[in-house]
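Tertiary structure, described
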Amino acid sequence: MTATSDRGVVPVRGSLAVYPGTFDPFTPGHRDLVARARVMFDQIIVLLAVNADKRPTAEAATRAVHVRDAMPAAWGNVEVDTWTGLTAAYCLRRGATVIVRGLRTAADLHHEYQLAAMNEKLGIQTVWLPSRPQLAATSSTVARAYRSARSARPSLNAEE
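Attention here is on the structure that accompanies the text. Each chain has its residues counted from 1, following the order in which its sequence is written. Restriction of local features to residues with pLDDT of at least 70 applies here, the model being predicted, together with a cutoff of 80 or more for giving and counting side-chain atom pairs; totals for whole chains, interfaces and linings are based on all residues. Values shown for side chains rest on all heavy atoms present in the structure; no hydrogens or waters enter the calculation.

By convention a nonpolar core is built from buried Ala, Val, Leu, Ile, Met, Phe, Trp, Tyr and Cys residues, the set being connected through side-chain atoms within 4.5 Å. Each residue gets one of three labels from its accessible area relative to the maximum for its type: buried under 20%, exposed over 50%, partly exposed in between, using a 1.4 Å probe on protein chains only. Ranked by internal contacts, the top residues of the largest apolar core, which has 20 residues, are V34, V46, V67, M71 and V100. In this text, helices come from DSSP runs of H or I with a minimum length of four residues, and strands from runs of E with a minimum of two, each type numbered from the N-terminal end. The set of elements that each furnish at least two residues to this core consists of strand 1 (12–21), helix 1 (28–37), strand 2 (41–49), helix 2 (60–70), strand 3 (78–83) and strand 4 (98–103). Looking at this core, the element that brings in the most residues is strand 2, giving 4 residues. Note on contacts: a residue pair is in contact if any heavy atoms of the two residues lie within 4.5 Å. Sequence-distant contacts of M71, defined by excluding residues within four places in its chain, comprise F26, V34, V46 and V78.

Below, the structure written as structure tokens:
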């Protein structure tokens, strides 16, 4: 099945793209990026990077379930997978030629440019999609902080 949008975007035939991240948690901005990328490529893999340095709040398998649950069943060209190691190595193993990355700010571009240059040397192109303005302010870090603050706040009904 090939994804198409209401604007008539037709994906690059035979294309496989990887959208990597820790997705801790998977935000509406991440979901929006997948929604947009899935009409550009025949297949997109949302790749949960296993990076112990980031100290995720949940195991990769649990995060993968949350990501899968956030995807409509009709998105048949979207796959979710986990990987420990370089994203480029995963892409080479799976035959993906494109990495999709979201950009929220100009500061993101500086970091992403360095990664893209390294991946290009390995034969993998990077496609950057800008965040929609209404979603750009919510990073996974902000979402985790908000979730933590909500759980730490005492209940208004608690007896003292």
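Time to look at unusual backbone geometry. Glycine aside, residues mostly have negative phi, and peptide bonds are mostly found in the trans state. Residue P25 is bonded to the preceding D24 through a cis peptide linkage, with omega at 5°. With respect to the secondary-structure elements, P25 resides in the loop between strand 1 and helix 1.

The relative placement of two aromatic rings is captured by the distance of their centres and the angle of their planes. In summary, the pairing rule links any two rings of Phe, Tyr or Trp, Trp by its six-membered ring, whose centres are within 6.5 Å, and it sorts them by plane angle into stacked for under 30 degrees, edge-to-face for over 60 and tilted for everything else. For the coordinates displayed, the defined rule picks out 4 aromatic pairs. Measuring from ring centre to ring centre gives 5.4 Å for F23 and F26, while their planes differ by 65°; the resulting arrangement is edge-to-face. For F26, a relative accessible area of 14% gives the class buried. Each ring, one from W83 and one from Y90, has its centre 5.2 Å from the other, and the planes form 65°; the classification is edge-to-face. What makes W83 buried here is its relative accessible area of 19%. Judged by relative accessible area, which is 0%, Y90 ranks as buried. Here a set of aromatic residues connected by ring pairs shows up, and it is made of Y19, F23 and F26.

Note on placement: L103 falls in strand 4. Classification of L103 as buried rests on a relative accessible area of 15%. Separated by 29 residues in sequence, L103 and R132 have C-alpha atoms that sit 9.4 Å apart. Sequence-distant contacts of L103, defined by excluding residues within four places in its chain, comprise D108, L109, E112, W128, L129, P130 and S131.

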